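# Architecture at a glance
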Amino acid sequence: MFSKKTITDVDVNKKRVLVRVDFNVPLKGDEVADDTRIRAALPTINYLLEHDAAVILCSHLGRPKGKPDVELTLRPVAEHLAELLDEPVAFASDCIGPVAEEAAHELGFGEVLVLENTRFHPGEKGNDPEMARQLASLADLYVMDAFGSAHRAHASTEGISNYLPAVAGFLMEKEIQYLGQVISDPQKPFIAILGGAKVSDKIGVIRNLLAKTDFILIGGGMANTFFKAQGYPVGDSLVEDEALDTARELLQVAGSRLRLPVDVVIAKRFDNDAESKVIAMAPVPEGWRILDIGPETVAAYDKVLHDARTIVWNGPMGVFEFPKFAMGTFGVAEAVAESEAASIVGGGDSVAAINQSGLQDRITHISTGGGASLEMMEGKVLPGIAALEDK
Ligand code: ADP
Ligand code: MG
């Protein structure tokens, strides 16, 4: 069913292969907090090493503003990868230019090099042809294995395929086959759960998901934006004002199929030790902020999830990184795990939360893509996939 060429359709032996991976992993200080996405890239990396390719890996990490940011270096990720592979991994402190060219040139066959964060250059998000050309100049073949970034037409995910033969890696193939299967014929009731912090990025998918799903359960920062759109004061809560118009419109068209939290946990500061309390959803007092959904909401969502046959979840219900505000996310995770539904959880932080809850084995499919799986579900063609060579 997968119509694109993969690494098994081309000769990789003694080739320099640039692999776009999704190493956009949650960090805690300079340690990798959850390595699901790194492990997910191992089948492709190992295949290339076994076939004596020189493996050059590139990825973005977080949201640097088109310039270097010491907090968002991929160096700790390269170190973590070296531990997983039990082999040395070289690192280049830039992804293009002389530093990258020299490192790629010195790399032997059967060896691995990680390039620095592609988003340290504005050309990445701008899909600058010159940046794409420079990246391409490092290799003979391009492999797209960053499913989590395939919905973005960036220099390293899309532009580069104008300059090199481009094929898919194993992770890409696996994700697309699984998601494609579920999406083409979802068992009903089909429930989507949406939360997290990247509200303006994800709020648009709700419109299309409404056509496919029976209910959409909202939590996390996404909920705050809806509350504000309803006219509630939300105190110091995370809100993306540019998404308010969309939120208002969605509230109108969705009616009761869009479910919002009925209670929330509010806190005085963004801190695990902050003073906190549960309130029924009403105006948030000034000086307070919403950091989690409340127990009544978890119970209400649990009811809906109990009868579901298909569940798709992206975005934590609260700031689960603080144990005090993790109950909403873990409670919903429990409900998803308990349900008989085929369940897909996607997104870097969502997957980290599921792993922390210890319930990962009771989820049908842990997807490395959050936004990407949502856009696939909407029926959109992902640019990072479209750019690959057909079989
Ligand atoms: P994913 O990585 O799964 O796609 P996002 O990156 O969109 O998800 O969002 C994850 C982040 O959202 C987490 O770091 C979490 O702390 C944050 N978050 C969830 N709820 C809130 C909230 N109420 N206020 C602020 N941040 C929140
Ligand atoms: Mg995230």
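Above: the structure in question.
What comes next is a walk through the structure. In this text, all values refer to a predicted model and were calculated from it rather than measured experimentally.

## Details of the pairing of strand β12 (residues 263-267)
- Counted residue by residue, β12 has five buried out of five residues, so it is predominantly covered.
- Of the two faces of β12, the one holding Asp-263, Val-265 and Ala-267 and the one holding Val-264 and Ile-266 are both buried throughout.
- Note: β12 against strand β13 (residues 276-280), five bridges, orientation antiparallel. Within the sheet, the bridge partner assigned to Ala-267 lies in β13 and is Ser-276.
- Pairing between β12 and strand β14 (residues 289-293): four bridges, direction antiparallel. Bridge pairing links Val-264 to Ile-293 in β14.

## Re the nonpolar core
- In this structure, Leu-115, Ile-206, Ile-218 and Phe-226 are the most contacted members of the largest nonpolar core, which totals 76 residues.
- A per-element tally of this core places helix α6 (residues 170-184) first, with six residues.
- Both domains that meet at this core, namely domain 1 (7-174) and domain 2 (186-377), each give it at least three residues.
- Other than its neighbours up to four places away in sequence, Leu-115 contacts Leu-18, Ile-56, Leu-57, Cys-58, Leu-74, Phe-91, Ala-92, Asp-94, Cys-95, Ala-100, Leu-135 and Leu-138.
- Ranked by size, the runner-up nonpolar core spans 33 residues in total, among them Val-55, Val-77, Phe-91 and Val-167.

## Describing the site of ligand 1
- Surrounding ligand 1, one finds 20 residues, the nearest of these being Ala-197, Lys-202, Glu-321, Asp-349 and Ser-350.
- Within the backbone of Ala-197, one N or O atom sits 2.9 Å away from an oxygen atom of ligand 1.
- Interatomic distance of 3.1 Å between a backbone N/O atom of Ile-290 and a nitrogen atom of ligand 1.
- Summarising the interface, the protein chains cover 90% of the accessible area of ligand 1, which totals 590 Å² for the free molecule.
- For the shell around ligand 1, the secondary structure elements donating two or more residues are α9 (220-229), β14 and α13 (348-357).
- Here the residues of the shell around ligand 1 are counted per class, giving six nonpolar, 10 polar and four charged.

Parameters at a glance
Residues numbered from 1 in each chain as written. Chains lettered and ligands numbered in written order. Predicted model: local features only at pLDDT ≥ 70, side-chain atom pairs only at ≥ 80, totals over all residues. Heavy atoms only, no water. Buried < 20%, exposed > 50% of the residue type's maximum accessible area, 1.4 Å probe, protein only. Helix = DSSP H or I, 4+ residues; strand = E, 2+ residues; numbered from the N terminus. Pairing = 2+ DSSP bridges. Core = buried A, V, L, I, M, F, W, Y, C linked by side-chain atoms within 4.5 Å. Domains from an automatic or database assignment. Contact = heavy atoms within 4.5 Å. Near = heavy atom within 4 Å. Polar contact = N/O pair within 3.5 Å; in protein donor to acceptor, adjacent residues only side chain to side chain. Areas by Shrake-Rupley, 256 points an atom, 1.4 Å probe, with all protein chains shown as cover. Nonpolar A, V, L, I, M, F, W, Y, C, P; charged D, E, K, R; others polar.

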